[in-house]
Structures are given as structure tokens and as C-alpha cells.
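Each chain, written out:
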Amino acid sequence: MRIADVLRSKGSLVATVAPESSVTDLLAGLAEHNVGAMVVLGAEEKVVGIVSERDVVRRLHDRGPELLSRPVSEIMTTLVATCTPEDSVDHLSAVMTERRIRHVPVVVDGRLAGIVSIGDVVKTRLNELEERHDQLQAYIAQG
């Protein structure tokens, strides 16, 4: 299965934040959209980073409450793993496991086209397993 198939079923809406937005604004966006990470978009809507709840918690522990007024650019991850709609879910699963990440932006021609989470990957895998199970059951029943 390809990432395009995942996006087709889940949609391509992505919660984003600007690098100059405050960490407080980021937290409000995470809560509003009920997501665990937001893609940071710079000039021309290019992906310049990603920031997760985990990033906030770790930096808050290190720097204290003053962090809340600082810009997102100070805590975002700038080496962002991305994928394309043509990539396979299996490949993305391996990247997520290897890099220990939970969210991967989908990019087409340098522009944000969606996001895939580890939950999306797991759901896709479970659906594939259920389909195979049903096919095997039907095969066995036909005898």
C-alpha cells in the first residue's frame, strides 16, 4: 500500500505553525487540533521543521516556563524526515522505527501535501491483516 492510499482515507489536512509563533501558540494549536505534532511552515509554505508535544516537554524541563514565550523555531526539529505519496507504507514504517519518530510530513514538489502518523501506519497494517484473514477464511470455506 502507498502513502497516497493512506491520505485518501484519512484526508490531507495538516495542522501547521509558523517558526516565529510562540510555544504557547503552538500548545494552543496542538490542543485545538487534537494532534501530537505540528509541521512548521516557512516562506512559500515550505516545511522547515516539525515540533511535537515531546519536544515541548523536554525543552520546558530544561529551560523552565520562560520557554512558553519563545518562538517555535527554538525547539523545532529541523532535520525533518518526509515522504511522498508514492512511497510505500512498509518503507515509511521502517523509517519511523529506525528514526524513532511518530509523524512524517508528506511532500509533493517541495510543498506540504499531508502528514502520516504512526497511528495511521498501524491502522493500515491492521486493515491489511484483516483483509488477508478474511481472504484465507473464504479460501478455507470453499475447500
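Residues numbered from 1 in each chain as written. Predicted model: local features only at pLDDT ≥ 70, side-chain atom pairs only at ≥ 80, totals over all residues. Heavy atoms only, no water.

As for the packing of helix α4 (residues 89-99) against helix α5 (residues 118-142)
And step 1. Here α4 crosses α5 at 135 degrees, and the two axes come no closer than 10 Å. Here α5 runs oblique to α4, going by the angle between their axes. You can see that α4 and α5 cross each other, and the crossing is left-handed. Where α4 abuts α5, its residues V89, D90, L92, S93 and M96 lie against I118, V121, T124 and R125.
And step 2. Taken together, the residues that form the contact of α4 with α5 break down as five nonpolar, two polar and two charged. (Axes fitted to C-alpha atoms, helices over the stretch in contact; angles between N-to-C directions. Helix = DSSP H or I, 4+ residues; strand = E, 2+ residues; numbered from the N terminus. Parallel < 35°, antiparallel > 145°, perpendicular 65-115°, else oblique. Left-handed = near helix turned anticlockwise from the far one by under 90°. Contact = heavy atoms within 4.5 Å. Nonpolar A, V, L, I, M, F, W, Y, C, P; charged D, E, K, R; others polar.)

A few points about the nonpolar core
And step 1. Of all hydrophobic cores here, the largest spans 13 residues; its most connected members are V17, L26, M38, V40, V51, V72 and I75.
And step 2. Within the residue set of this core, elements represented by two or more residues are α2 (23-33) and β2 (37-41).
And step 3. Here the element with the most residues in this core is α2; it accounts for three residues.
And step 4. Core analysis: the second largest hydrophobic core is formed by 11 residues, I3, L7, V89 and V121 among them. (Core = buried A, V, L, I, M, F, W, Y, C linked by side-chain atoms within 4.5 Å. Buried < 20%, exposed > 50% of the residue type's maximum accessible area, 1.4 Å probe, protein only.)

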